[in-house]
Amino acid sequence: MYRKLIKTVIKYHVQNKTLVSIKLDVKTILRKFITCMVAKTPISIMIEPACFCNLKCPLCTTPHKYMTRKQGMMEYETYRKFLNDVKDFAFIFTFNFAGEPFLNPNLFKMVKAASEYNIFTLILTNATLIEENRRIQEILDSQLNVLVVDIDHIDPLLFSQFRKGANFESTIKQIKKLCDAKKEQKRFFPLIVAEVIVSRENEDQLQDIYDLAMNKIGVDGVWFKNICFPLHSKGFREEHDVSELVEKYLPKRSKKKRYNYVNGNLELINRSVKCGWRYKSLVLWDGRLGACCYDYDGVYTFGNVNEQHFLDIWNSKNYRYYREKLIKFKKLELCEKCSTE
């Protein structure tokens, strides 16, 4: 994702001739980089504002019965405690995990607080809750850097089936309203990026979706993402036949796919032998630190930022062992079904 992010940011500023508008606190960035290299602090941190969702997408375990851990919303006090712990070395905050971040009423207060410490911020959203003028202005005033919105289909029926609970016309209208407001106010940020999950249902419409997003809605960029089946979830695996998932969702012609289907089994294409999560961290809504973005059920957690300093947990013997010996080399049981690239 971060390679896509850097490419999109540079492309946007070159096209709009706004490279000179990027205000960088070089001393702060350099100090954080040195801290990261020497003290081995995390490069990026994923934050879970809310562990529930307003949609029930068929390929997501979050709003369904499959998730086994308790669901809830991050309290602002938990976030402030965590932010105070990491503000001197944190580079990137990604606000998203097992839920819809817009459901947390303090989301953009969180973003604005992070921006005060030169932390690059990114939110991933299903884009169904960008509704009233007050919320749009809140987004624009928060100093958010990137907002990733889901636009997977140009067909309203397929859209509502893939994003169950969302309305195509309403969602597109809301995204366009935000894009228009951003342009009217001559804002450079947030960059608004449409993310398209490539599936068998839309692989022949990718150019049409791109044109809709760029030319009619007015986003700043489009990312195409390989479809991922949540086979890490025991409940999901027990209730879904792999062959049926493949027949319905796995692209046939597009090169943009994560798996090959061979002899009744899904085989990950270009599976890496090492995991980038040895350099990253995850803060669940209740303050616990999680192993990675694939552990939706919070099976592997390490301390709680409500009770300990972030660095005390990060540098603890247990967390270091998992990062350096298990997560790094994909030796957890969870890693056997991991389909992240």
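The sections below set out a description of the structure shown in this document. Small disclaimer: the values here were computed from a predicted structure and weren't measured. (Residues numbered from 1 in each chain as written. Predicted model: local features only at pLDDT ≥ 70, side-chain atom pairs only at ≥ 80, totals over all residues. Heavy atoms only, no water.)

**Observations concerning the environment of N96**
Line of reasoning, step 1. Inspection of the secondary structure puts N96 in the loop between strand 2 (92-95) and helix 4 (107-115).
Line of reasoning, step 2. Counting along the chain gives 48 residues from N96 to E48, while the straight-line C-alpha distance between them is 5.2 Å.
Line of reasoning, step 3. For N96, the residues in contact, after removing those within four places along its chain, are M46, I47, P49, P101 and L124.
Line of reasoning, step 4. Within polar-contact distance, the side chain of N96 engages the backbone oxygen of L124 at 3.3 Å. (Helix = DSSP H or I, 4+ residues; strand = E, 2+ residues; numbered from the N terminus. Contact = heavy atoms within 4.5 Å. Polar contact = N/O pair within 3.5 Å; in protein donor to acceptor, adjacent residues only side chain to side chain.)

**Here we look at the packing of aromatic side chains**
Line of reasoning, step 1. On inspection of all chains with the given rule, the structure shows 20 aromatic pairs.
Line of reasoning, step 2. Seen in terms of ring centroids, Y79 and F82 are 6.2 Å apart; in terms of plane orientation they differ by 55°. Their pairing is tilted. Taken as a pair, Y79 and F82 lie in helix 3 (residues 76-86) at a separation of three residues, close to a single helical turn. F82 shares its class with Y79; the two are buried.
Line of reasoning, step 3. The ring of W314 carries the charged tip of R323 above its face, separated from the ring centre by 3.6 Å.
Line of reasoning, step 4. One Lys or Arg, R323, reaches over the ring of Y319 and ends 4.7 Å from the middle of that ring. (Phe/Tyr/Trp six-rings, centres within 6.5 Å; stacked < 30°, edge-to-face > 60°. Buried < 20%, exposed > 50% of the residue type's maximum accessible area, 1.4 Å probe, protein only. Lys NZ or Arg CZ within 6 Å of the ring centre and 35° of its normal.)

**Digging into the sheet that holds strand 9 (residues 280-283)**
Line of reasoning, step 1. In space, the nine strands of this open sheet follow the order 6-5-4-3-2-1-9-10-11, with mixed pairing throughout. Two strands lie at the open edges of the sheet, namely strand 6 (221-226) and strand 11 (301-304), each paired on one side alone. Direction aside, the axes of adjacent strands within the sheet are offset by 25° on average.
Line of reasoning, step 2. The pairing of strand 1 (residues 44-47) with strand 2 spans four bridges and is classified as parallel. Counted as the bridge partner of I45 is F93 from strand 2.
Line of reasoning, step 3. Each of strand 4 (146-150) and strand 5 (191-198) touches helix 7 (residues 168-184); the most contacted strand, strand 5, lies at about 150° to it.
Line of reasoning, step 4. Here helix 8 (residues 206-217) sits on the sheet and contacts strand 5 and strand 6; the angle it forms with strand 6, its principal contact strand, is near 145°. (Pairing = 2+ DSSP bridges. Axes fitted to C-alpha atoms, helices over the stretch in contact; angles between N-to-C directions.)

**Some thoughts on the side chain of R69**
Line of reasoning, step 1. Within the fold, R69 resides in the loop between strand 1 and helix 3.
Line of reasoning, step 2. A distance of 2.6 Å separates a polar atom in the side chain of R69 from the backbone oxygen of Y296.
Line of reasoning, step 3. Leaving out residues up to four positions away in the same chain, R69 has contacts with E48, C51, F97, A98, L284, W285, R288, Y296, D297 and G298.

**Some words on the environment of W314**
Line of reasoning, step 1. Mapped onto the fold, W314 is located in helix 11 (residues 310-314).
Line of reasoning, step 2. What makes W314 buried here is its relative accessible area of 1%.
Line of reasoning, step 3. Note: C-alpha distance between W314 and K40 (274 residues apart in sequence) is 9.7 Å.
Line of reasoning, step 4. Among residues more than four places away in sequence, those in contact with W314 are K40, T41, P42, R278, Y279, K280, S281, Y319, R320 and R323.

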